[in-house]
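This is what each chain is made of:
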Amino acid sequence: MPESTPNLRDIGGMSGLDGRPVAPHRVLRSAVPRAKDIPPAGITWPPSLVIDLRSAAEAEPIHPLAQAGVRVVNLPLLSALRPGAPAQDLHGLYLLLLDQASMYLVELVREVGLAQGSSLIHCAAGKDRTGVSVALLLRLVGVSREDILADYLLTSHAEQDIIARLKKSSGHRHRQTLPASFFDVSAEAIHGVLDVWDGHERGVEGWFQDIGGTPAHIDQLRRTLLV
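The shown structure was predicted, so the numbers you read here are calculated from the model rather than taken from an experiment. (Residues numbered from 1 in each chain as written. Predicted model: local features only at pLDDT ≥ 70, side-chain atom pairs only at ≥ 80, totals over all residues. Heavy atoms only, no water.)

Participant: Would you mind going over the pairing of strand 3 (residues 49–52) in detail, with residue names and values included?
Facilitator: On strand 3, burial covers both faces: Leu49 and Ile51 on one face and Val50 and Asp52 on the other are all buried. Sheet analysis places strand 3 next to strand 4 (residues 71–74), joined by four bridges and oriented parallel. The residue of strand 4 that forms the bridge with leucine 49 is arginine 71. Of the strand pairs in this sheet, strand 3 and strand 5 (residues 119–122) are connected by four bridges, and their pairing is parallel. Counterpart to valine 50 in the pairing with strand 5 is leucine 120. (Buried < 20%, exposed > 50% of the residue type's maximum accessible area, 1.4 Å probe, protein only. Helix = DSSP H or I, 4+ residues; strand = E, 2+ residues; numbered from the N terminus. Pairing = 2+ DSSP bridges.)

See the structure below:
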């Protein structure tokens with residue numbers, strides 16, 4: 001039977017810079033999709049662009065949505081982590097992503113900013129790599145910490161659907177070796193990310209430029225995402 005993509009939602013509607021809302025139908029986030037998934041009402045499908053954050057060991061040789069003519073960009077955040085720097089918990093993992101996968105985060109912002117239609121950002125569960133990536137997009141366009149946290153925590157409502165989907169995925173065996181705490185939806189972990197950005201002397205814009213992003217990337221993202 002056709003299924004819905006777990007943890008799929010549109011991040012539009014939140015208030016950004018100068019009270020301007022994030023445009024609907026521009027950025028979606030989810031767990032790993034399948035070609036025959038049926039989207040819920042109000043979701044633009046298929047997206048024009050898919051940003052797949054999974055590593056090669058998790059992903060299919062051909063992305064499930066590529067056959068629908070969707071452009072797929074792979075930005076494997078965890079593959080950028082250096083050996084010998086294991087995270088003990090989600091808080092540590094998220095900080096490692098900021099430190100060691102920053103080149104992919106710059107590319108993510110660039111791709112979403114230039115996308116002509118809707119962009120789907122996903123990893124396996126749509127929680128950790130997707131959570132950090134979406135938080136960066138939202139913070140760069142001026143969405144508040146409170147709204148970013150609220151969006152991140154919505155993943156907890158999709159837990160059973162995510163688990164069912166992961167059991168069917170090629171990367172499930174690898175995930176079985178992870179500590180149980182890595183499957184949590186951790187407010188502490190996403191707060192740690194926001195603390196890094198907000199603690200920078202020039203805010204998230206300064207942090208983003210320090211990792212290789214440019215003011216042009218930020219301006220283009222805001223033109224694309226804000227109404």
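Picking up after the structure, the text goes on.
Participant: If you had to explain the sheet that holds strand 5 to someone new, which residues and values would you point to?
Facilitator: If you trace the five strands from one edge of the open sheet to the other, you get 1-2-5-3-4, paired in mixed fashion. The outermost strands of the open sheet, each flanked by one partner alone, are strand 1 (9–10) and strand 4. Two strands pair when backbone bridges link them, and strand 1 and strand 2 (residues 27–30) are joined in this way by two bridges, in the antiparallel orientation. Bridge assignment links arginine 9 to a residue of strand 2, and that residue is arginine 29. Seen against the sheet, helix 2 (residues 102–114) touches strand 2, strand 3, strand 4 and strand 5 and runs at an angle of roughly 170 degrees to strand 3. (Contact = heavy atoms within 4.5 Å. Axes fitted to C-alpha atoms, helices over the stretch in contact; angles between N-to-C directions.)

Participant: Kindly report on the packing of helix 3 (residues 129–140) against helix 4 (residues 145–153), identifying the contributing residues and their values.
Facilitator: Where helix 3 meets helix 4, the axes come as close as 10 Å, and the angle between the chain directions of the two elements is 155 degrees. Regarding the angle of helix 3 to helix 4, the classification is roughly antiparallel. Both helix 3 and helix 4 take part in a crossing whose hand is right-handed. Taking contact as the criterion, the partners of Gly131, Val134, Ala135, Leu138 and Arg139 in helix 3 are, on helix 4, Arg145, Ile148, Asp151 and Tyr152. Considering only residue class, the contact of helix 3 with helix 4 consists of five nonpolar, one polar and three charged. (Parallel < 35°, antiparallel > 145°, perpendicular 65-115°, else oblique. Left-handed = near helix turned anticlockwise from the far one by under 90°. Nonpolar A, V, L, I, M, F, W, Y, C, P; charged D, E, K, R; others polar.)

Participant: So what about the layout of surface pockets? Which residues, and what values?
Facilitator: The space that makes up the second largest pocket amounts to roughly 160 Å³. If you trace the second largest pocket, you find 12 residues lining it, with Lys127, Glu159, Ile162, Phe183 and Val185 closest to the centre. Looking at the lining of the second largest pocket, the element that brings in the most residues is helix 5 (residues 159–166), giving four residues. Grouping the constituent residues of the lining of the second largest pocket by class yields six nonpolar, two polar and four charged. (1 Å grid on protein atoms, 1.4 Å probe; cavity = no way out; pocket = protein on both sides within 12 Å on 5 of 7 lines; lining within 4 Å. Points joined across faces, edges and corners; volume = space filled by probe spheres on them.)

Participant: Hey, could you go over helix 2 for me, with residue numbers and the actual values?
Facilitator: Between its first and last C-alpha, helix 2 extends 19 Å over 13 residues, near the 18 Å set by a 1.5 Å rise per residue. Within the sequence span of helix 2, burial applies to Ser102, Leu105, Val106, Leu108, Val109, Glu111, Val112 and Gly113. (Expected span 1.5 Å × (residues − 1).)

Participant: Which residues make up the pattern of salt bridges, and what values do they have?
Facilitator: A full pass over the atoms with the stated rule returns 18 salt bridges. Arginine 165 is paired through a salt bridge with aspartate 37; the nearest N and O atoms lie 3.0 Å apart. A residue pair is termed long-range when its members are at least 10 positions apart, and arginine 165 in helix 5 and aspartate 37 in the loop between strand 2 and strand 3 qualify at 128 residues. Across this residue pair, the class does not change: arginine 165 and aspartate 37 are buried. With a shortest N-O distance of 2.8 Å, arginine 110 and glutamate 107 are connected by a salt bridge. Taken together, the residues span about one helical turn, with arginine 110 and glutamate 107 both in helix 2 at a distance of three residues. Taking relative accessible area as the criterion, arginine 110 reaches 31% and is therefore assigned partly exposed. Overlapping salt bridges, with partners in common, bring together Arg34, Asp52, Arg54 and Glu60 in one network. (Salt bridge = Lys/Arg side-chain N within 4 Å of Asp/Glu carboxyl O.)

Participant: Can you lay out the side chain of arginine 139 for me, pointing to particular residues and giving the numbers?
Facilitator: Examined against the element boundaries, arginine 139 turns out to sit in helix 3. Overall, the relative accessible area of 18% leaves arginine 139 in the buried class. Not counting the four nearest positions on each side in its chain, arginine 139 is found in contact with Ser144, Arg145, Ile148, Leu194, Trp197, Asp198 and Val204.

Participant: Before we move on, can you summarise the nonpolar core with the specific residues and values?
Facilitator: With 52 residues, the main nonpolar core has Tyr94, Ile121, Leu136 and Trp197 as its most contacted residues. Of all elements in the fold, only strand 3, helix 1 (90–100), helix 2, helix 3, helix 4, helix 7 (187–199), helix 8 (203–210) and helix 9 (215–225) reach the threshold of two or more residues within this core. The element contributing the most residues to this core is helix 3, with seven residues. (Core = buried A, V, L, I, M, F, W, Y, C linked by side-chain atoms within 4.5 Å.)

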